[in-house]
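Single-letter residue listing:
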Amino acid sequence: LDKYFDEAMTMVSGAAQADFHTYLPDDLMVKMDIASMAYGLEARSPLLDEKLLNWAMAIPDIHRFPPGQTKGLFKASLSSILPASVLNRPKSGFGVPLKSWLSGELLSYSRDLLYSDEFRGRDLIRPDFVDKLFSEHESGRYFHHPRIWALVMLELWFRMWIDPPAGAEIGRR
């Protein structure tokens, strides 16, 4: 990332350039492409229009990034169109509804996986810890959906990548 900071007039501009040339194309745009193409959709980001980007990059940093404000210029440009409640709301992202899933349809599946002989036989997680997670989660005392989900993903990963295929004889030719 040094080259983006070395070529920039300010640290803020360097960080923006680094994000624009790395995080945006290597992460955010890839995720958008995968998610949209999975449903046969072609998605475009209107704020990545070349003319708009060139114009925006020519604006001095002090106006693009007012001190203490995120997206200050962008929000100011939309203030006559959008209400403050929309412009100033916190980021929310695209969370997975784990709490809902693990309070319903995936709870018994998760329990089956984490109480299976395969999972227990790995001897990675103490059975009493798994018992406590499910007990507290199902009683509503404490929702352990992130922990349960992580353990479910770990077990599924082992089954996909580590465990031998059914009927396979390891080490025999």
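Everything here concerns the structure above.
Since we're looking at a predicted model, the values are computed, not measured.

Enquirer: Which parts of the structure should I look at to understand the overall build of the protein?
Expert: Per the secondary structure count, the protein includes 11 helices and zero strands. When its helices and strands are written in sequence order, the protein yields α-α-α-α-α-α-α-α-α-α-α. Taken over C-alpha atoms, the radius of gyration comes to 24 Å for the protein, far larger than the 16 Å a tight globule of 173 residues would show. Within the protein, contacts between residues at least 6 apart in sequence are counted, and of these 47% link residues at least 24 apart. Of the roughly 13,400 Å² of accessible surface on the protein, a fraction of 60% belongs to carbon and sulfur atoms. The centroid of the 20 positive side-chain charges in the protein is displaced by 5 Å from the centroid of its 23 negative side-chain charges.

Enquirer: What exactly am I supposed to notice about the nonpolar core here?
Expert: Listed in full, the 11 residues of the largest apolar core are Leu102, Leu107, Leu113, Leu114, Phe119, Val130, Leu133, Phe134, Ile148, Leu151 and Val152. The contacts of Phe134, once residues within four sequence positions are left out, are Leu107, Ser110, Arg111, Leu114, Tyr115 and Ile148.

Enquirer: Can you help me understand helix 11 (residues 145-162) in this one?
Expert: Given 3.6 residues per turn, any residue in an α-helix points the same way as the ones three and four places further on. With 18 residues, helix 11 should cover 26 Å at 1.5 Å per step; its first-to-last C-alpha distance of 25 Å lies within 8% of that length. Check the buried side of helix 11 and you find it contacts helix 7 (98-101), helix 8 (107-114), helix 9 (117-122) and helix 10 (127-139).

Enquirer: Teacher, can you tell me more about the pattern of salt bridges here?
Expert: When the charged atoms of two side chains with opposite charge come close together, those side chains can pair. Tallied over the entire structure, the rule returns 11 salt bridges. For the salt bridge of Arg111 with Glu138, the shortest nitrogen-to-oxygen distance reads 2.4 Å. Taken together, the residues Arg111 in helix 8 and Glu138 in helix 10 connect sequence positions 27 residues apart. If you follow the salt bridges from partner to partner, you end up with Glu118, Arg122, Glu155, Arg159 and Asp163 in one network.

Enquirer: Quick question: what am I supposed to make of the environment of Thr10 here?
Expert: On the secondary structure map, Thr10 appears in the loop between helix 1 (2-7) and helix 2 (11-37). According to the relative accessible area criterion, Thr10 is partly exposed, its value standing at 34%. Along the sequence, Thr10 and Asp61 sit 51 residues apart, while their C-alpha atoms lie 8.0 Å from each other. A polar atom in the side chain of Thr10 sits 3.0 Å from the backbone nitrogen of Ser13. A polar contact is formed between the side chain of Thr10 and the side chain of Asp61, at a distance of 2.3 Å.

Conventions adopted
Residues numbered from 1 in each chain as written. Predicted model: local features only at pLDDT ≥ 70, side-chain atom pairs only at ≥ 80, totals over all residues. Heavy atoms only, no water. Helix = DSSP H or I, 4+ residues; strand = E, 2+ residues; numbered from the N terminus. Rg over C-alpha atoms; globule rule 2.2 N^0.38 Å. Contact = heavy atoms within 4.5 Å. Areas by Shrake-Rupley, 256 points an atom, 1.4 Å probe, with all protein chains shown as cover. Lys, Arg positive; Asp, Glu negative; His and termini not counted. Charge placed at Lys NZ, Arg CZ, Asp CG, Glu CD. Core = buried A, V, L, I, M, F, W, Y, C linked by side-chain atoms within 4.5 Å. Buried < 20%, exposed > 50% of the residue type's maximum accessible area, 1.4 Å probe, protein only. Expected span 1.5 Å × (residues − 1). Salt bridge = Lys/Arg side-chain N within 4 Å of Asp/Glu carboxyl O. Polar contact = N/O pair within 3.5 Å; in protein donor to acceptor, adjacent residues only side chain to side chain.

Nothing here speaks to function; it is geometry throughout.
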